[in-house]
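Each chain is listed here by its residues.
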Amino acid sequence: MNYHFGELSVFEYGNFENKHPQGNFIQSAEQKSLLEKRGEKVALLGLKDDTGKIVAGAVVTWAKVKLGNLFSIERGPLLDYSNEQVIKAFISGLTIFAEKHAGLFIRIRPNIAYAKYTEKGKLIGEKNTDIAEKLNSMAVDHQLPQIGFSTSSEPEWQFVKDLTEVDPKQVVKSYNRQAKYHLNKNKQFGVKLRQISKDELPAFKRITQQTADRLHYHDKSLDFYETLFDTYGEKAKFIFAEINFKNYLESIEKDLTNIQKSLTEIIGQDYHNISDLSTFSASAKRHLSEGLKTETALQKRLEEAKKMRQEAKQDIVLVSVALFVVENQEVVYLYSGSDEKYEDLFAPYEIQDTMITEAVKKSIPLYNFYGVSGKFDGSDGVLGFKTHFNGYTREMVGSFDFPVQKTKYRFYRLLKKILRRQ
């Protein structure tokens, strides 16, 4: 079989990526548009067989490094990694393309898992050494993921949930007890979700920035969110979680009135001051005990809600936000933030449950909670939250370097080692 390497149109590449099992938003046609808007050098490159069928493709970027350009493919290329002929033909074609653009070397980070781990860090099955060894035999350098969060590339440690066996009518049953508890608790708050318009992005940014400041990490700019909103269109889901204090107070007051009415009907008007319960049945005693606890809890919630409403000075308040990108192959949970004043409303659980349920209904096979640290010692609070929805951590196969100019590349690596030692 002969293969032909070259640039692909947005239309043909988009169709290819949408149907490819490894397809992802980083390797989407929309991503090319987004990168171009940021001023980056990018191309859609692919490999076709003799029939004209695309058998490999990638969003390829390149940028200046010492001695030349670094060509990068994040979460790609999209191809059959069991077919060495296709891999070699693609790398060969990309090398020739890179030579024409002052390429020094090519770095790929395939959308392939190297290993899968349980919540406690126990290996699930066996490590994917076959693909790692196959690519490593062609590359000059292979780096497995480092432990910790990455700020320079897409996360190499990810927490994901397989949705293929989840019952659309019983999605909540697929979570662990913590998530079930918080979701059940959340029903009493009446938190509502909605997808926002572009002019509401400053409010989205305000919450993500507050969260970033609180947790000491760098947030994306408003321009980043606006560009992503425009570029990804319907694929991008910017979600607001809001509480309406007026409705919330009315709901509490209604529940309080109902429990007080019930206690009055069964025990009597003076149910607070009854000292002798000997004349009451066991059922009435139990009802009084449980009812008084419920009444006290509702009264406490009512006072807390009134205080929150007074401090907010408005009825509808934004409590949590999140951004997702929806692809045919997966839903990716990218960015989020919450107002810490309302953390007890458990809005993030409502957001995740809603998006997981939507993914299951659309028969999307994977829900990607995205980055975790790769630490299983309990220090990763991000992982702790995500595991409440059940799933597994996957360690990606890492990065592979292919030299374009071999002599210069060897000198480049030597220079990097010297600089690291200094």
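Right above here is the structure, for reference.
Note on numbering: residues in each chain are counted from 1, in written sequence order. At least 70 in pLDDT is required for a residue's local features to be given in this predicted model, at least 80 for side-chain atom pairs to be given and counted, and no such filter applies to totals for whole chains, interfaces and linings, which use all residues. With hydrogens and water excluded, all non-hydrogen atoms of the structure serve as input to the side-chain values.

A word on the overall build of the protein chain. Counting secondary structure elements, the protein chain contains 12 helices and 17 strands. Each residue is placed in one exposure class: buried if its accessible area under a 1.4 Å probe, protein chains only, is under 20% of its type's maximum, exposed if it is over 50%, and partly exposed if it falls in between. Residues counted as buried form 49% of the 422 residues belonging to the protein chain. For the protein chain, restricting intrachain contacts to residue pairs at least 6 apart in sequence, the fraction spanning at least 24 positions comes to 76%. Surface accessibility in these figures is a Shrake-Rupley result with a 1.4 Å probe; residues are shielded only by whichever protein chains are displayed. Total accessible area on the protein chain stands at roughly 21,800 Å², and carbon and sulfur atoms take up 49% of it. Asp and Glu count as negative and Lys and Arg as positive, but His and the ends of the chain are not part of the count. The location of each charge is read from NZ of Lys, CZ of Arg, CG of Asp or CD of Glu. Averaging the coordinates of the 61 positive side-chain charges in the protein chain and doing the same for the 56 negative ones gives two points 4 Å apart. Strands here are runs of E lasting at least two residues and helices are runs of H or I lasting at least four, both read from the DSSP assignment and numbered beginning at the N terminus. Residues count as neighbours in contact if any of their non-hydrogen atoms are within 4.5 Å of one another.

Two strands pair if DSSP finds at least two bridges between them. Overall, mixed pairing links the 9 strands, which are arranged β8-β7-β16-β10-β15-β14-β13-β12-β11 in an open sheet. Here the strands that pair on one side only, and so sit at the sheet edges, are β8 (123–124) and β11 (192–195). Judged from the 4 bridges that link them, strand β10 (residues 157–162) and strand β16 (residues 392–396) form a sheet pairing that is antiparallel. For Val160, the partnering residue across the bridge sits in β16 and is Tyr392. The strands touched by helix α7 (residues 222–232) within the sheet are β12 (236–244), β13 (316–326) and β14 (330–338), with β12 carrying the most contacts at an inclination of about 115°. On the sheet, helix α8 (residues 245–266) packs against β12 and β13 and is oriented at approximately 50° with respect to β12. What counts as an axis is a line fitted to C-alpha atoms, over the stretch in contact for a helix, and the angles between N-to-C directions run from 0 to 180 degrees.

Here Ser174 lies in the loop between β10 and α5 (177–186). For Ser174, a relative accessible area of 18% translates into the label buried. Separated by 118 residues in sequence, Ser174 and Leu292 have C-alpha atoms that sit 34 Å apart. Discounting residues that sit within four places of it in the chain, Ser174 has contacts with Lys161, Val166, Phe389 and Asn390.

Turning to the pairing of strand β15 (residues 366–371), a few remarks are in order. Taken residue by residue, a regular strand's side chains alternate between the two faces of the sheet. In terms of residue burial, β15 counts as a mostly covered element, since 6 of its 6 residues are buried. Where β14 and β15 come together, 3 bridges link them in parallel fashion. Each residue of the ladder has a partner; that of Glu330, found in β15, is Leu366. Taking the sense of rotation as the criterion, the β-α-β connection linking β14, helix α10 (residues 347–361) and β15 turns out right-handed. For a crossover, the right-handed case is the one in which the path from the first strand over the helix to the second runs clockwise, viewed with the strands pointing away from the viewer.

Stacked, edge-to-face and tilted are the three classes for Phe, Tyr and Trp ring pairs, Trp counted by its six-membered ring, which pair at centre distances within 6.5 Å; planes under 30 degrees apart are stacked, over 60 edge-to-face, the rest tilted. Tallied over the entire structure, the rule returns 33 aromatic pairs. Ring centres of Phe189 and Phe346 lie 6.3 Å apart, and the angle between their planes is 45°; this geometry places the pair in the tilted category. In this pair, Phe189 is assigned in the loop between α5 and β11 and Phe346 in the loop between β14 and α10, connecting sequence segments 157 residues apart. A residue is classified by how much of its surface remains accessible, and Phe189, at 9% relative accessible area, is buried. Residue classification places Phe346 among the buried residues on the basis of a relative accessible area of 15%. The interplanar angle of 80° and the centroid separation of 5.6 Å between the aromatic rings of Phe224 and Tyr225 together place this pair among those described as edge-to-face. Accessibility expressed as a relative area gives 13% for Phe224, which makes it buried.

Time to look at the packing of helix α2 (residues 29–37) against α7. Running from N to C, α2 and α7 cross one another at 140°; their axes reach a closest spacing of 9 Å. Considering their axes alone, α2 and α7 lie oblique with respect to each other. The chirality of how α2 crosses α7 is right-handed. On α7, the residues that touch Glu30, Gln31, Ser33, Leu34 and Lys37 of α2 are Thr227, Leu228, Asp230, Thr231 and Tyr232. Of the residues contributing to the contact of α2 with α7, the split by class is 3 nonpolar, 4 polar and 3 charged. These descriptions rest on fixed angle ranges, namely under 35 degrees for roughly parallel, over 145 for roughly antiparallel, 65 to 115 for roughly perpendicular, and the rest for oblique. The hand of a helix crossing depends on one turn: near helix anticlockwise from the far one by less than a right angle means left-handed, and clockwise means right-handed. Residue classes follow a fixed rule: Ala, Val, Leu, Ile, Met, Phe, Trp, Tyr, Cys and Pro count as nonpolar, while Asp, Glu, Lys and Arg count as charged, and any other residue, Gly among them, counts as polar.

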